[in-house]
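# Fold and geometry: a report
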Amino acid sequence: MNNEFSILAQFLENLSPEVSGRNGSSVALSDDQIDQIKKFAAGELSAEQRDALLPDILENDKALHELVEALQSK
């Protein structure tokens, strides 16, 4: 599973400049959202929780950045 997160981190790093150029949302994240993103990165969420969270992450530049940082810190 760690390999899957490593692949995802590499993908998001490569995608990041494009996402920023697409007028992605930069809505501030709540403490709960940041906690959920960190749990996502750590593999601590169920498949259903990941599926529910992923669209929110992909639509928010700050959430993407938070996810990449969490994955890189592993």
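Residues numbered from 1 in each chain as written. Predicted model: local features only at pLDDT ≥ 70, side-chain atom pairs only at ≥ 80, totals over all residues. Heavy atoms only, no water.

## Notes on the overall build of the protein chain
We apply this condition: To qualify as a helix, a DSSP run of H or I must reach at least 4 residues; to qualify as a strand, a run of E must reach at least 2; elements of each kind are numbered from the N terminus. In this scheme, a residue with accessible area under 20% of its type's maximum is buried, one over 50% is exposed, and one in between is partly exposed, where area comes from a 1.4 Å probe on protein chains only. We call two residues in contact when some of their heavy atoms are within 4.5 Å. Residue exposure ignores everything except the shown protein chains as possible cover, and the areas themselves are Shrake-Rupley values with a 1.4 Å probe.
A tally of helices and strands in the protein chain yields 4 helices and 0 strands. Along the protein chain, helices (α) and strands (β) appear in the sequence α-α-α-α when read from the amino end. Buried positions account for 27% of the 74 residues belonging to the protein chain. Long-range pairs, those at least 24 residues apart, make up 74% of the contacts in the protein chain with a sequence separation of at least 6. When the accessible surface of the protein chain is summed, it comes to about 4,900 Å², and 47% of that surface belongs to carbon and sulfur atoms.

## Here we look at the nonpolar core
This is how it is decided: Definition used in this section: a nonpolar core is a set of buried Ala, Val, Leu, Ile, Met, Phe, Trp, Tyr and Cys residues joined via side-chain atoms within 4.5 Å.
By size, the foremost hydrophobic cluster in this structure holds 11 residues: I37, F40, A41, L45, L53, I57, A63, L64, L67, A70 and L71. For this core, the secondary-structure elements that each account for two or more residues are helix 2 (31–42), helix 3 (47–58) and helix 4 (61–72). The element best represented in this core is helix 4, accounting for 5 residues.

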